[in-house]
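Descriptive analysis of the structure
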Amino acid sequence: MLLIWNRPGFVEELSEQERTALFGEVDDIMRELTASGELVGGEALADPSQTRTVRSAGERPEVTDGPFLESKEQFAGYLTVDCDSPERAVEIAARWPDVRRGFGVLEVRPVMGEAGTEM
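Residues numbered from 1 in each chain as written. Predicted model: local features only at pLDDT ≥ 70, side-chain atom pairs only at ≥ 80, totals over all residues. Heavy atoms only, no water.

A few points about the overall build of the protein chain
Just so we agree on the cut-off: Counting from the N terminus, the helices are the DSSP runs of H or I reaching at least four residues and the strands are the DSSP runs of E reaching at least two. Relative accessibility decides the category of a residue: with a 1.4 Å probe and only protein chains considered, values under 20% of the type maximum give buried, values over 50% give exposed, and everything between is partly exposed. By definition in these notes, contact holds between two residues if any of their heavy atoms fall within 4.5 Å. The Shrake-Rupley method, run with a 1.4 Å probe sphere, supplies the accessible areas, and residue values consider only the shown protein chains as cover. His residues and chain termini do not enter the charge count, which takes Lys and Arg as positive and Asp and Glu as negative. For the purpose of locating charges, the reference atoms are NZ of Lys, CZ of Arg, CG of Asp and CD of Glu.
Of the regular secondary structure elements, the protein chain holds three helices and six strands. Ordering the α and β elements of the protein chain from the N terminus gives β-α-β-β-β-β-α-α-β. Dimensions of the protein chain, computed from the C-alpha atoms along their principal axes, are close to 50 × 45 × 20 Å. In the protein chain, buried positions account for 26% of the 119 residues. Summarising the internal contacts of the protein chain: among those between residues at least 6 apart in sequence, 70% fall at separations of at least 24. A total accessible area of about 8,200 Å² is found for the protein chain, and carbon and sulfur atoms account for 52% of it. Both charge centroids of the protein chain, one from 12 positive and one from 24 negative side chains, sit 5 Å from each other.

Some details on the packing of helix α1 (residues 16-36) against helix α2 (residues 86-95)
The criterion, for reference: For helices, the fitted line uses only the C-alpha atoms of the stretch in contact; every axis is such a line through C-alpha atoms, and the angle between N-to-C directions lies from 0 to 180 degrees. Every angle not falling under 35 degrees, over 145, or within 65 to 115 is termed oblique; those three ranges are roughly parallel, roughly antiparallel and roughly perpendicular. Throughout, a crossing is termed right-handed when the near helix is turned clockwise from the far one, and left-handed when it is turned anticlockwise from it by less than a right angle. The classification used treats Ala, Val, Leu, Ile, Met, Phe, Trp, Tyr, Cys and Pro as nonpolar, Asp, Glu, Lys and Arg as charged, and all other residues, Gly among them, as polar.
Viewed as axis vectors pointing N to C, α1 and α2 meet at an angle of 155 degrees, and their least axial separation amounts to 10 Å. By the angle class used here, α1 and α2 are roughly antiparallel. As for how α1 packs across α2, the hand of that crossing is right-handed. Where α1 abuts α2, its residues Ile 29, Glu 32 and Leu 33 lie against Arg 88, Ile 92 and Arg 95. In terms of residue class, the contact of α1 with α2 is made up of three nonpolar, no polar and three charged.

Brief notes about the packing of aromatic side chains
Rules: Working definition: a ring pair exists when centres of Phe, Tyr or Trp rings (six-membered ring for Trp) sit within 6.5 Å. Plane angles under 30 degrees give stacked, over 60 give edge-to-face, the rest tilted.
Throughout the structure, instances matching the rule amount to two aromatic pairs. With a centroid separation of 5.4 Å and an interplanar angle of 40 degrees, the aromatic rings of Trp 5 and Phe 75 are classed as tilted. With Trp 5 in strand β1 (residues 2-6) and Phe 75 in strand β5 (residues 74-81), this pair connects stretches of sequence that are 70 residues apart. Residues Phe 10 and Phe 103 carry aromatic rings whose centres are separated by 4.6 Å and whose planes lie at 25 degrees to one another, so their mutual orientation is stacked. Linking Phe 10 in the loop between β1 and α1 with Phe 103 in the loop between α3 (97-100) and β6 (104-108), this pair joins segments that are 93 residues apart in sequence. Considered together, Phe 10 and Phe 103 belong to a single accessibility category, that of buried residues.

Let's talk about the sheet that holds β1
The following threshold applies: Any two strands with at least two DSSP-identified bridges between them are counted as paired.
The four strands lie next to each other as β2-β5-β1-β6, forming an open sheet whose pairing is antiparallel. Each having just a single partner strand, β2 (39-44) and β6 make up the two edges of the open sheet. Here the strands of the sheet are splayed against their neighbours by 20 degrees on average, with no regard to which way each runs. Pairing geometry for β1 and β6, over five bridges, is antiparallel. Bridge pairing in β6 links Ile 4 to Leu 106. Docked against the sheet, α2 engages β1 and β6, running at close to 170 degrees with respect to β6.

Some details on the pattern of salt bridges
Keep this limit in mind: What makes a salt bridge here is a side-chain nitrogen of Lys or Arg within 4 Å of a carboxyl oxygen of Asp or Glu, nothing more.
For the coordinates displayed, the defined rule picks out 11 salt bridges. Close ionic contact of Arg 95 with Glu 32 constitutes a salt bridge, the shortest N to O distance being 2.9 Å. Pair noted here: Arg 95 is in helix α2 and Glu 32 is in helix α1, with a separation of 63 residues, a long-range link. For Arg 95, a relative accessible area of 31% corresponds to the partly exposed category. Connected through shared salt-bridge partners, Glu 32, Glu 38, Arg 88, Glu 91 and Arg 95 make up one network.

In structure tokens form, the structure reads like this:
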């Protein structure tokens, strides 16, 4: 799983040309992963302002608006890829334009199988 973290609003700060180039790079990577059979799925997430966080508050859950993280980056989306090795997943993540341009980071994390033996 490639977890995409970036700074909310960075896309709006880009010029039209920069946005077109950035999304073009994403499209290129997605086409490559589709053609190679490595892309399993993925989605972008809605703006962090749409988030609700649920925490334990004693005997019942407490629901608050927003993700209250102490970092500039917010969880923005994910890709699930089926790669031959962890190194290949890192290679894909390193090519992601958010990473290369300094707008965010991708976390590469194995997905635990149903048996849970990966822990």
